[in-house]
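Structural features, examined
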Amino acid sequence: MTFAEFIGFLFDGRVLAFVAATLATLVAGIGSAKGVGLAGEAAAGLVSEEPEKFAQVLVLQALPGTQGLYGFITSFLILYKIGVFSGKIAELTTAQGFMFIAAALPIIVVGYLSAIFQGRVSVAGISIIAKKPEELAKAITFAAMVETYAVLALLASVLMIMIGIKI
Amino acid sequence: MAIVEMRRLTLIGMNSDKDRILRDLMKFGVVDIIDLQQQDADETLSVLEKDGNQEEVAQLENELARIRGALDFLSPYRVKQKKSLFAPRRQVSVDEMAKTADRRQELMEAADRVYQYVDRLNRLKNEVTRLESDIASLGPWRDYPLPLEETRTKSTVIVTGTFPASVNEELLRLDLMENAAESSLYKIGQDKDYSYFYIIYHRSLEGVINEILKKYDFSRVIFRGMAGTVEENIARCRAGIEELNVERKLVESQIQEIAALADDLEVLYDYFSIETEKRKALFNIVRTSSTFILQGWLPADQSENVKAKLEKKWDCIVELREPRPDEDYPILLRNNAFVKPFEMITRFYNLPKPGTFDPSAVMAPFFCMFFGLMLGDAGYGIVLTIAGAIMLRKYKTEGIIRDIFGLMFYCGISTFFWGAMFGSWFGNFFDILFNKTPAIPPLWFIPLDDPMRMLMWSMIFGAVHVFTAMAAQIYMLVKRREYFAAIFDVGSWYLVLIGVVLFAVGGAVGPVGKYMALTGVLMLVLTQGRHKKGLFSKLFSGILSLYNITGYFGDVLSYSRLLALGLATGVVANVINIMGALPGRSVFGFIVLFIVFLVGQTFNLAINLLGSYVHASRLQYVEFFGRFYESGGKVFKPFKRITKYTNIKDEEDN
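Residues numbered from 1 in each chain as written. Chains lettered and ligands numbered in written order. Predicted model: local features only at pLDDT ≥ 70, side-chain atom pairs only at ≥ 80, totals over all residues. Heavy atoms only, no water.

Examining the overall build of chain A
Per the secondary structure count, chain A includes six helices and zero strands. Traced from its N-terminal end to its C-terminal end, chain A shows the element sequence α-α-α-α-α-α. Relative to the 2.2 N^0.38 estimate, which gives 15 Å for 167 residues, the radius of gyration of chain A is 19 Å and therefore markedly larger than a compact globule would have. Its C-alpha atoms give chain A principal-axis dimensions of roughly 65 × 30 × 25 Å. The buried share among the 167 residues of chain A stands at 47%. The distance from the centre of the 10 positive side-chain charges to the centre of the 10 negative ones in chain A is 8 Å. (Helix = DSSP H or I, 4+ residues; strand = E, 2+ residues; numbered from the N terminus. Rg over C-alpha atoms; globule rule 2.2 N^0.38 Å. Buried < 20%, exposed > 50% of the residue type's maximum accessible area, 1.4 Å probe, protein only. Lys, Arg positive; Asp, Glu negative; His and termini not counted. Charge placed at Lys NZ, Arg CZ, Asp CG, Glu CD.)

This is how it looks when you write it as structure tokens:
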């Protein structure tokens, strides 16, 4: 394989589409892992004092986990779109490949960052639960405010993949 | 309906009847007692003497804690009836409770005995642990033939101890033979860390031996306080444990005996907690030497009944009056069976302010619909509806748990409906099962195939929601007779928003929309600066108010989450099915499909249940309540019997 062939291979549309699918689950997943991890530490701290609050803080811990799921959905839709599940992967141009990467970017970046920030809001929410367990709904709402942007990012990614890119 | 109307009750009664009147009020359970001892409660009353006895309450609370602790200890010893998580509580009549309360001396003693027994049990357990560790440490010495108390004879010394397992025994023996011939070394055993030895040597060799042993990292083992051979000692420990276990069984059987009283202790606990509540109520009451005054809020529809009952039975004066406009009465919500579970969503936000209205009824259909759109799977809907219905049948006690099942039931129906519309039955499970696409065609359309259409509908649903919020806003303003604000602050936005939409649609309605929007804009520019001074700043504020349009559009765009979360549920459900189908169409394949389906769909349902709840709530709290809802009410907390273990049955004695 010559160097030119190697570069040409890297810019194959299918490779780029797979890179997009990989990054969506990978990066958003790392973000969620961080967010859920942050919240989990705080939750464990509270549960060590008051084990009966387990169910409440578990909900708060789970909230930053959705970004990873959104990343996964994006990956799935990319694979679905290029025909991985129908058994025949479509021929893609380099431009189409880059379009997949562009389409995945919202959920990659926003998913990653919003998961971490949502994790921090969840931590703060857990301290609400520590003092006022009856205010769970408010703690959840604060965390849900952050999630809005992950939802919008997912939406943008999904629309671009499903409608924006013509194969 | 909605917010229950309240009456303020003033009761003046004789101190001699106080206890029994309070008992009656507790039985009615509809009066929220006002704290008259507070400084700002009522000036005319604050001169009176304060009631209540702190010591009595502390004493009762102490007894509650004692019973509670005893019950916790007893719980593993109680005869277990098979009890489901949501089994109804035991019914206890007032008489039975009084009888149990008469036995309080005996029961409290029993409770205290539990503590003693548990203490003894712990000591016995510690003792057993000690003996067991003795046995464990003697284990390697099992083959040591000499009595343990013998550490020297007239001319020899006997030393027991260990070398590291890695010790070079040959070298050691050689060393001993060369430098201390009058000694002999015996090996007893070996495990993975140590070798066990004993050495007998002549007294004169003390120094030399010590030196050699040190060189080989010898550490002495001393059997303090033990006599006889190792075997004998181990046997003695075993016998000791045996004995302790017998005693432990004895103590446990004694605890078991008390455990038979646990049911009575529970009743006594509830009795004491009712008494405590009653004593605590006194802290809200003021008194003179022979009378007392109590005030409280109660629902208007029950007020006359309570007044009649009290006045008939006791020598007392009862007065009722409507709340004054500035008075913050406590908030109790009352709605029909469908809206009832959704009150919980309102309560989680905050209760409405007195004099406003309860948004639960307006909010409930939207919550239900949005939840269904986001979960959007007929299979999940069926699961939720059935689970909710079963639990509702089983769990009759009013309260938050029943509300949750109610939510499950209604939102399940909505989920089923939207799932059928979108053709999602556990994702594409049936497509895969029957190898046919689509096995069950959607009643409407499949969002994944046409996301733009779903996005548009999400926005339309959102717009309806926002318009409803604006209507509620107008309702609030009209109720307060602020007609001008109703027409110009909210009404003009109706014109602008509807106009813009019509204009965007175009065609015949296009020009109509244009003029509607312009009229609305004109109204806003002319009126929104009306609180400012000076013509210029009035106009400027008016123009600036047009910026609010971004708020409306932002809110409507926020409903795009209906599409996003709906897709999220559907896609993951499909992925699970596709994964399950990977092994192919064989018997083995179907078994795998079934297992993957069960585990995966349960997981997906759980995750998206949380997501749908969170986002359906958020849409209510931020986009809907944000426009009109005035919260900040106090919860209506009636003075009633709060019990932990039992439910009290009343005889109709009056």
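A short note on the packing of helix 16 (residues 483-505) of chain B against helix 19 (residues 549-558) of chain B
In a pair of packed helices, the angle between the axes and the distance between the axes together describe the arrangement. Residue and element names in this part refer to chain B. As a packed pair, helix 16 and helix 19 sit with axes 12 Å apart at the nearest point and diverge in direction by 60 degrees. Judged on the interaxial angle alone, helix 19 and helix 16 are oblique. Where helix 16 crosses over helix 19, the handedness of that crossing is right-handed. Residues W493, V496, L497 and V500 of helix 16 form the contact with helix 19, whose own contacting residues are I549, Y552 and F553. A class-by-class count of the residues in the contact of helix 16 with helix 19 yields seven nonpolar, no polar and no charged. (Axes fitted to C-alpha atoms, helices over the stretch in contact; angles between N-to-C directions. Parallel < 35°, antiparallel > 145°, perpendicular 65-115°, else oblique. Left-handed = near helix turned anticlockwise from the far one by under 90°. Contact = heavy atoms within 4.5 Å. Nonpolar A, V, L, I, M, F, W, Y, C, P; charged D, E, K, R; others polar.)

Considering the interface of chain B and chain A
When the parts come together, some accessible area is lost, and that loss is often what is quoted as the size of the interface. On the side of chain A, 27 residues touch chain B, which itself brings 27 residues to the contact. In this assembly, chain B packs against chain A so that about 2,400 Å² is buried in total across both faces, 84% of it on carbon and sulfur atoms. Its largest share of buried area at the contact with chain A, chain B owes to B:L448, B:L610 and B:R618, together 17% of the area lost on that side. Where chain B meets chain A, there are zero salt bridges. The interface formed by chain B and chain A includes four residue pairs in polar contact (both at pLDDT 80 or more). If you tally residues by element for the side of chain B that touches chain A, the top one is helix 20 (residues 561-580) of chain B, at ten residues. Here the residues of the side of chain B that touches chain A are counted per class, giving 21 nonpolar, three polar and three charged. (Buried area = accessible area lost by both parts, 1.4 Å probe. Salt bridge = Lys/Arg side-chain N within 4 Å of Asp/Glu carboxyl O. Polar contact = N/O pair within 3.5 Å; in protein donor to acceptor, adjacent residues only side chain to side chain.)

Considering the packing of aromatic side chains
All names here are of chain B. Under the definition given, this model contains 52 aromatic pairs over all chains. Arranged with centres 6.1 Å apart and planes meeting at 15 degrees, the rings of F536 and F540 form a pair that is stacked. Linking F536 with F540, this pair stays in helix 18 (residues 535-545), spanning four residues, or about one helical turn. Among the residues examined, F536 registers a relative accessible area of 68% and is labelled exposed. Given the relative accessible area of 49%, F540 is considered partly exposed. (Phe/Tyr/Trp six-rings, centres within 6.5 Å; stacked < 30°, edge-to-face > 60°.)

Observations regarding a nonpolar patch on the surface
Residues and elements named next belong to chain A. A contiguous nonpolar surface patch, about 850 Å² in accessible area, is contributed by M1, F3, F6, I7, F9, L10, F11 and F98. Broken down by element, the nonpolar patch gets its largest block of residues, five residues, from helix 1 (residues 3-10). Checked against the element boundaries, F9 lands in helix 1. (Patch = residues over 30% accessible without salt bridge, like charges linked within 9 Å, V, L, I, M, F, W, Y side chains within 5 Å. Areas by Shrake-Rupley, 256 points an atom, 1.4 Å probe, with all protein chains shown as cover.)

Regarding the domain arrangement of chain B
Assigned domains of chain B: these are domain 1 (150-222) and domain 2 (340-420 + 439-628). Computed over C-alpha atoms only, the centres of domain 1 of chain B and domain 2 of chain B are separated by 85 Å. (Domains from an automatic or database assignment.)

Side note on the confidence of the model for chain B
Residue and element names in this part refer to chain B. Averaged over all residues, the pLDDT of chain B is 87; the fraction at 70 or higher stands at 96%. Here helix 5 (residues 169-179) stands out as the element of chain B with the lowest mean pLDDT, 78, in contrast to helix 11 (residues 360-375), whose mean of 96 is the highest. The ipTM, which scores confidence in the relative placement of chains, is 0.76 for this predicted complex, and the corresponding pTM is 0.78. (pLDDT = per-residue confidence, 0-100.)

Here we look at unusual backbone geometry
Residue and element names in this part refer to chain B. Within the chain, N435 stands out as a residue other than glycine whose phi angle is a positive 55 degrees. Looking at N435, the relative accessible area reads 58%, which means it is exposed. A positive phi angle, near 60 degrees, is found at R481, a position not held by glycine. R481 sits in the exposed class, given a relative accessible area of 65%.

Side note on the sheet that holds strand 7 (residues 183-190) of chain B
All names here are of chain B. The four strands lie next to each other as 7-8-6-9, forming an open sheet whose pairing is antiparallel. Either end of the sheet is taken by a strand with one partner, and the two such strands are strand 7 and strand 9 (219-220). Two elements, strand 6 (residues 156-164) and strand 8 (residues 194-202), share nine bridges in a ladder whose sense is antiparallel. By the bridge assignment for strand 8, T156 is matched with H202. Strands in contact with helix 5 are strand 6, strand 7 and strand 8; relative to strand 7, the strand with the most contacts, it is inclined by about 160 degrees. Contacting strand 6, strand 7, strand 8 and strand 9, helix 6 (residues 206-215) runs over the sheet at an angle of about 165 degrees to strand 8. (Pairing = 2+ DSSP bridges.)

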